[in-house]
Amino acid sequence: MLSLCAQDLTCSRAHALESSEFSTIWLRLNSHSLTKFICAIYVSPNSYDYSKLFAYLTSKAEYILSLYPFAQISILGDFNLHHLLWLSSPFTDHPGELAFNFAIFHYLEQLVQHPTRIPDRPGDTPSILDLFFISNPSAYAVNISSPLGSSDHNRSPKRRCLWRFTSAKWGDLRRYYADFP
């Protein structure tokens, strides 16, 4: 158990909420006035049983609220789904509908409202890749910044150079590295 004395906060892993079927980790944060559960999840693009996934998440949310009626719940991660109105996707797929209905049913809001992915191929558009469902959005502020490394998840105000290796020029690459901070 991790204890942050300055904030009188304890953090522990909630192993009992986790499942071997899904890539999740659950954390429980406690302070003198608040209990919060955070679930980080990754869903492979090859996943197909989203109904089972959202049934699992529903059962865990209901279990948490049965024990801690005033707990805040956050579920975040890469779900690999699409929703036209919600995730800046060009279409809505069945998993996107299931996620949307799950969020509405549990009074969760999608916290991230701006694109987190910069397109790197012609024809792609900026999109929101990651979901951040939260039960108390007014307590948070979103700040999207450039990641470390070569991820395409960002919304950088700085100039970003995308390299298409089939048409890259070595002189341009040298200039890019010379300007790199």
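Predicted model, so just to flag it, every value in this text is computed and none were measured.

Novice: I'm lost on the side chain of H83 in this one. Help?
Specialist: Assignment of secondary structure puts H83 in the loop between strand 5 (72–78) and helix 2 (94–105). Among the polar contacts made by the side chain of H83, one reaches the side chain of E97 at a distance of 3.5 Å. Those residues in contact with H83 that lie beyond four places of it in its chain are S88, S89, F91, T92, G96, E97 and F100.

Novice: In this structure, what is going on with the packing of aromatic side chains? I would like to understand it.
Specialist: Aromatic ring pairs are described here by two measures, namely the spacing of the ring centres and the angle between the planes. This model, assessed by the stated rule, comprises six aromatic pairs. An angle of 5 degrees between the planes, with centres 6.1 Å apart, marks the rings of F54 and F79 as stacked. Within this pair, whereas F54 is found in helix 1 (residues 50–67), its partner F79 is found in the loop between strand 5 and helix 2, the two being separated by 25 residues in sequence. With relative accessibility at 5%, the residue F54 sits in the buried group. For the ring pair F102 and F133, a centre distance of 5.9 Å and an interplane angle of 55 degrees mean the geometry is tilted. In this pair, F102 sits in helix 2 while F133 sits in strand 7 (residues 130–134), placing the two residues 31 residues apart along the sequence. Ring-pair connections join several aromatic residues into one group, and the members of that group are F54, F79, F102 and F133.

Novice: Got a minute to help me understand helix 2 in this structure?
Specialist: Because the α-helix completes a turn every 3.6 residues, residues three or four places apart line up on one side. Taking 1.5 Å per residue, twelve residues should reach 16 Å; helix 2 reaches 16 Å between its end C-alpha atoms and fits that length. Those residues of helix 2 that fall on the buried side of the exposure criterion are P95, G96, L98, A99, F102 and A103. The buried residues of helix 2 occupy an angular sector of 160 degrees when projected down its axis, which confines them to one face. Summarising the geometry of helix 2, the exposed residues directed more than 90 degrees from the buried face are H94 and F105. Where the residues of helix 2 are buried, they touch helix 1, strand 5 and strand 7. One or two positions beyond helix 2, positive phi appears at Y107, with a value near 55 degrees.

Novice: Help me understand helix 1 in this model?
Specialist: With 18 residues, helix 1 extends 26 Å from end C-alpha to end C-alpha; this agrees with the ideal 26 Å at 1.5 Å per step. Listing the buried residues of helix 1 in full gives Y50, L53, F54, Y56, L57, T58, K60, A61 and I64.

Novice: Hey, could you run me through the pattern of salt bridges in this one?
Specialist: Any two side chains of opposite charge can pair, so long as their charged atoms come close to each other. Within this structure, the stated rule accounts for two salt bridges. Where E18 meets R13, a salt bridge forms, and the shortest distance between an N and an O atom there is 2.9 Å. On the basis of relative accessible area, R13 is assigned to the partly exposed category, the value being 42%. The salt bridge involving K52 is made with E21; its shortest N-O contact spans 2.8 Å.

Novice: Is there a simple way to think about the nonpolar core in this case?
Specialist: For soluble globular proteins, nonpolar side chains are generally found buried alongside one another. Judged by nonpolar contacts, the single largest core of 29 residues is most densely connected at W26, L53, F54, L57, I75, F79 and F133. If you list the elements that add at least two residues to this core, you get strand 4 (35–42), helix 1, strand 5, helix 2 and strand 7. In terms of residue count, helix 1 provides more of this core than any other element does, seven residues in total. When neighbours within four sequence positions are excluded, L57 is seen to be in contact with W26, C39, I41, I75, F79 and F102.

Novice: Would you mind showing me how to read the pairing of strand 7 here?
Specialist: In regular strands, side chains alternate between the two faces of the sheet. Bridge count for strand 5 against strand 7 is five bridges, and the pairing is antiparallel. Within strand 7, the position partnered with L76 by the bridge is F132.

Novice: Any chance you could explain the environment of V112 here in plain terms?
Specialist: Take V112: it is sitting in the loop between strand 6 (109–110) and strand 7. Taking the C-alpha atoms as reference points, V112 and P137, 25 residues apart in sequence, are found 9.9 Å from one another.

Novice: Whenever I open this one, the environment of L76 confuses me. Can you help?
Specialist: Relative to the elements of secondary structure, L76 occurs in strand 5. Residues L76 and F132, 56 residues apart in the sequence, show an inter-C-alpha distance of 4.2 Å. Each residue touching L76, except ones within four places of it in the same chain, is listed here: I38, C39, A40, I41, L131 and F132.

Conventions used here
- Residues numbered from 1 in each chain as written.
- Predicted model: local features only at pLDDT ≥ 70, side-chain atom pairs only at ≥ 80, totals over all residues.
- Heavy atoms only, no water.
- Helix = DSSP H or I, 4+ residues; strand = E, 2+ residues; numbered from the N terminus.
- Polar contact = N/O pair within 3.5 Å; in protein donor to acceptor, adjacent residues only side chain to side chain.
- Contact = heavy atoms within 4.5 Å.
- Phe/Tyr/Trp six-rings, centres within 6.5 Å; stacked < 30°, edge-to-face > 60°.
- Buried < 20%, exposed > 50% of the residue type's maximum accessible area, 1.4 Å probe, protein only.
- Expected span 1.5 Å × (residues − 1).
- Arc of directions from axis to C-beta.
- Salt bridge = Lys/Arg side-chain N within 4 Å of Asp/Glu carboxyl O.
- Core = buried A, V, L, I, M, F, W, Y, C linked by side-chain atoms within 4.5 Å.
- Pairing = 2+ DSSP bridges.

Everything listed here is a matter of geometry and, on its own, says nothing about what the molecule does.
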